[in-house]
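# Report on the structure
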Amino acid sequence: MFKKIPIITTLLLVAAGACFALLPTTEILSIHGSNEAIYLLTDEEGDEYFTDRLELDLNLHPFTIGVVALIYQPRLNPFSGIAEYQTDFSQIFLKYNAKPLKATIGSFTSTLAKGMVLRTYEDIDVDRNWMAKGAYLEIKPWKDLEIKVLGGRGEADDDSPDNIYGGEFTAYPLSALGIYGLSFSGAISSVGYTSPYLPTSDIRHYAGGGKFTTDFFTVSGIYAKKTDFFFQDTPVQSELRYGDGYYINAVATPPFTNLSVNFEYKNYNHLGGMDYFAPPYVSFFEQTISNAQNEKGYLIEIISNPIKFLRLRGGYAHQEELTTFSPEIPKQVIDEAVASIRVQEFIPKTVLEVFYELEHEENVTDYDRGRIKTSYQLTDNHSIITSFEYERRRETFPVESTFRDLTGELSFSWSGLFIASLKYENTNQEPAGDERDSWTWGEFLYKLTNEHEISVGYGQLRGGKTCSGGVCRYELPFEGLRIRISSLF
Amino acid sequence: MKKILLNSVIVLSLLSILAGLAYAGNAPYFSLKDTKGRWVDSSDLYGNYLIFIMFWSTDCEACKDSMPYLQDIYDDYYYEGLKVICIATDSERTSDRVKPFISGQGYTFTVLLDTDQYVRDTFNVNQEPYYFLINWDGDIPFSYSGFTPGTEAVFKDAIEDALSASEGGDFFGGK
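Quick caveat, the model's predicted, so the values are computed rather than measured.

## Focus on the interface of chain B and chain A
Taken residue by residue, the interface counts 75 residues in chain B and 107 residues in chain A. Here chain B meets chain A over a buried area of about 7600 Å², counting both sides, of which 51% is carbon and sulfur. In this assembly, chain B and chain A are joined by ten salt bridges. One salt bridge in this structure joins E92 of chain B and K114 of chain A, with 3.6 Å as the shortest N-O distance.

## Describing the packing of aromatic side chains
To describe a pair of aromatic rings, you give the distance between the ring centres and the angle between the ring planes. Residues and elements named next belong to chain B. Summed over all chains, the structure comprises 28 aromatic pairs over all chains. A ring pair is formed by F52 and F155, whose centres lie 5.0 Å apart and whose planes are at 55°; its orientation type is tilted. Remark: F155 occurs in helix α6 (residues 151-165) and F52 occurs in strand β3 (residues 50-56); sequence separation between them is 103 residues. As far as burial versus exposure is concerned, F52 and F155 are alike and both buried. Ring-pair connections join several aromatic residues into one group, and the members of that group are F52, Y69, Y131, F142, Y144, F147 and F155. Over the aromatic face of F101 sits the side chain of K64, whose NZ or CZ is 5.3 Å from the ring centroid.

## Considering the state of the cysteines
All names here are of chain B. One pass over the structure, following the stated rule, counts one disulfide over all chains. Put simply, C60 and C63 are joined by a disulfide, and their sulfur atoms are 2.1 Å apart. The disulfide joining C60 to C63 has a torsion of about 85° about its S-S bond and is therefore right-handed. A residue is classified by how much of its surface remains accessible, and C60, at 3% relative accessible area, is buried. C63 gets classed as buried once you look at its relative accessible area, which sits at 0%. Not engaged in a disulfide, the cysteine C86 finds its nearest cysteine sulfur in C63; these two sulfurs lie 9.1 Å apart.

## A short note on the pairing of β3 of chain B
Residue and element names in this part refer to chain B. In terms of burial, β3 is largely enclosed, as seven of its seven residues are buried. Where burial is concerned, the two faces of β3 agree: the one with L50, F52, M54 and W56 and the one with I51, I53 and F55 are both buried. Two elements, β3 and strand β4 (residues 82-88), share seven bridges in a ladder whose sense is parallel. If you follow L50 over to β4, its bridge partner there is L82.

## Notes on the sheet that holds strand β8 (residues 128-130) of chain A
The pairing of strands in a sheet comes from backbone hydrogen bonds and takes either a parallel or an antiparallel form. Residue and element names in this part refer to chain A. Reading across the sheet, the three strands line up as β6-β7-β8 and stay open at both edges, with antiparallel pairing between neighbours. One side of each edge strand has no neighbouring strand; the edge strands of this open sheet are β6 (110-112) and β8. Taking the axes of each pair of neighbouring strands and ignoring which way they run, one obtains an average angle of 30° across the sheet. The sheet contact formed by strand β7 (residues 118-123) and β8 spans three bridges and is antiparallel. Counterpart to D123 in the pairing with β8 is R128.

## A few points about helix α4 (residues 98-105) of chain B
Burial within α4 of chain B is extensive, with seven of its eight residues counted as buried. Trailing α4 of chain B by a residue or two, G106 of chain B shows a phi angle of about 75°, which is positive.

## Here's the deal with the pairing of strand β4 (residues 83-98) of chain A
All names here are of chain A. As judged from the twelve bridges shared by strand β3 (residues 63-76) and β4, these two strands associate in the antiparallel manner. Looking at β4, one finds that I65 is bridged to L94. In the sheet, β4 pairs with strand β5 (residues 101-108) via six bridges, with the strands oriented antiparallel. Paired with F93 across the strands is G106, a residue of β5. The turn linking β4 back onto β5 is made up of two residues.

## Quick look at a nonpolar patch on the surface
On the surface, L60, F63, I65, L94 and I105 of chain A cluster together into a nonpolar patch covering about 420 Å² of accessible area. Tracing the backbone through its elements, the reader meets L94 of chain A in strand β4.

## Observations regarding the side chain of T64 of chain A
Residues and elements named next belong to chain A. Topologically, T64 is positioned in strand β3. Classification of T64 as buried rests on a relative accessible area of 14%. In contact with T64, other than residues within four places in its own chain, are D57, L58, N59, F93, L94 and K95.

## Let's talk about the pattern of salt bridges
What the rule picks out here adds up to 35 salt bridges over all chains. Across the pair R120 of chain B and E128 of chain B runs a salt bridge whose closest N-O atoms are separated by 4.0 Å. Residue class for E128 of chain B comes out buried when judged on its relative accessible area of 11%. Look at the salt bridges and you will find they share partners, linking R342, E353 and K373 of chain A together with D65 of chain B into a network.

## A closer look at the side chain of D65 of chain B
In this fold, D65 of chain B is placed in helix α3 (residues 61-77). For D65 of chain B, the side chain forms a polar contact with the side chain of K373 of chain A, separated by 2.8 Å. Beyond its immediate stretch of four places on either side in the chain, D65 of chain B contacts R342, E353 and K373 of chain A together with F147 of chain B.

## Some words on a negative patch on the surface
A surface patch of negative charge is lined by D43, E44, E45, D47 and E48 of chain A. Relative to the helices and strands, D47 of chain A resides in the loop between β1 (29-42) and β2 (48-60).

## Here we look at unusual backbone geometry
A negative phi holds for most residues other than glycine; trans holds for most peptide bonds. Residue and element names in this part refer to chain A. Cis geometry is adopted by the peptide bond preceding P62, which originates at H61 and carries an omega value of 10°. Within the secondary structure, P62 sits in the loop between β2 and β3. Between K99 and the following residue, P100, the backbone shows a cis peptide bond with an omega angle of 0°. Tracing the sequence through the fold places P100 in the loop between β4 and β5.

## Regarding the confidence of the model for chain B
In the predicted model, chain B carries a mean pLDDT of 83, and the fraction of residues at 70 or more is 81%. Throughout residues 169-175 of chain B the model reports pLDDT below 50, and contacts reaching past four residues in sequence, or to other chains, amount to 19 contacts.

Rules used in this analysis
- Residues numbered from 1 in each chain as written.
- Chains lettered and ligands numbered in written order.
- Predicted model: local features only at pLDDT ≥ 70, side-chain atom pairs only at ≥ 80, totals over all residues.
- Heavy atoms only, no water.
- Contact = heavy atoms within 4.5 Å.
- Buried area = accessible area lost by both parts, 1.4 Å probe.
- Salt bridge = Lys/Arg side-chain N within 4 Å of Asp/Glu carboxyl O.
- Phe/Tyr/Trp six-rings, centres within 6.5 Å; stacked < 30°, edge-to-face > 60°.
- Helix = DSSP H or I, 4+ residues; strand = E, 2+ residues; numbered from the N terminus.
- Buried < 20%, exposed > 50% of the residue type's maximum accessible area, 1.4 Å probe, protein only.
- Lys NZ or Arg CZ within 6 Å of the ring centre and 35° of its normal.
- Disulfide = S-S within 2.5 Å.
- Pairing = 2+ DSSP bridges.
- Axes fitted to C-alpha atoms, helices over the stretch in contact; angles between N-to-C directions.
- Patch = residues over 30% accessible without salt bridge, like charges linked within 9 Å, V, L, I, M, F, W, Y side chains within 5 Å.
- Areas by Shrake-Rupley, 256 points an atom, 1.4 Å probe, with all protein chains shown as cover.
- Polar contact = N/O pair within 3.5 Å; in protein donor to acceptor, adjacent residues only side chain to side chain.
- Lys, Arg positive; Asp, Glu negative; His and termini not counted.
- Charge placed at Lys NZ, Arg CZ, Asp CG, Glu CD.
- pLDDT = per-residue confidence, 0-100.

Here it is, written out as structure tokens:
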């Protein structure tokens, strides 16, 4: 019976939504939602997959009742490659949002102390659901104080639920003088994790920090400490483990210039652990070391728009392990650099962008990627975009080898109402199993209205994060026909 | 039974979406900080300005491609009461990159930080960039996803329509 409650709730909400949507809108009552339906038909086996994600909010100001329904009949899991049948409700919530209180009962996401103390989130594209179900409150009792409090049950694993509690305050000590640029904050969290397979653990994080902002610069810093009561069998045999970390950020924006300099520094010594703790990366490449277990590093980035048609960006990041497991194993050391130049309207109706990035991991790999992108407006309503990308990876460990990938893309847009795109990718990497070494994908997107669009694509998709037709999404590796209908209402 | 429930959800979803075709919703309330740490409350904006909102993030290239055009739109319609607001949905991990990017590019429109994606969820945005125009009645007469060069003409048409419908919004005064 209880399992049917969310289904019945959704049915009632969707039915109510359909009815309310037919009524004239009012300031008190409104409904918003989005729906994305994807149909896949694979080339070789003829397998069919259908995925639908429906988000629906019924707004009775200041309350909002919402659900997110996921229907996989089945879904092709992007990681396991296995077809999964599922009709699920990833979120059900009641929100209250009016000064000075913001409250959620049900599913909520939250971040405390930049993720150094807690981060609950959901990312369907990467198959992660680290949300919490419970209560979340955010209150501003006075102009100079903000408080967050939360408590709930985590959804990391149905078999081993997590108890999550936390809170954060931010104070503005000079607000009485009209200065809101100076603030101090503190945060705390507790995550109790019980697993039938692993020893019980109780992880606590504490953090304190400050921020000072003016028109010309910003400086902020956070220090966080972790204690992990790791119970072997009983509390008597518990082991108390520690970790800590700090993160510093400074941004300079000199007056009368379109120039900014960003500096970030991190030092994370066993601060992380579970995915509930995810501090800033301080890196251009998110896939580099970032689990807050044993790393330090810095980043410096300069962005400038010296003259109207010229936009420049350059940056460098360095990060390395704090210690290694054994003196024989060298530390992981990674250097990264990016640079881009964008020239807009120097040649009328034309945009040219050149981008280059380089990554070097000592004794392991060299990676570089370059991209040239142009767009040209044929008329006020028609534009054409070309993109050519080159990637090269040279691996020196465990075996020396060099790969290169090429990607070319051509898109034609008519007032944004109709977009046709053709993409070709090629690699010289030795295919594993029945993988291919080239991919071709053609897609037509048509906007029925501004809020409703349908796209039909055919060919082979390599998978990963791709930006096409002006929208970035995570794509599954796939061969065949794909139809997608996306709506906002 | 499960199949009936599933089919019911699908049918009702489609019904709801079809009903929504002719629907112009009331804009949701929000309260967010800008890149200087100041709170911006939608109740101070709705009714006083014509508002053009973009949901974006620093890793969304199409979003950043559209910003020079949004700056032009902001410059062109500022004196007719238009506010351009770019809501960055970067998480706490990457939100420190927002201010350097905006300042370095010299953009002067308002940029707000939605690090918990609370407002993005409130607007039911499922992809980026996503654009909304909110008129002086607090309604959303126009929304749009994606950007390619030329799309700015669609934005300008929507803004012109909203200005015409308001029978002449005046500087800072709305209708």
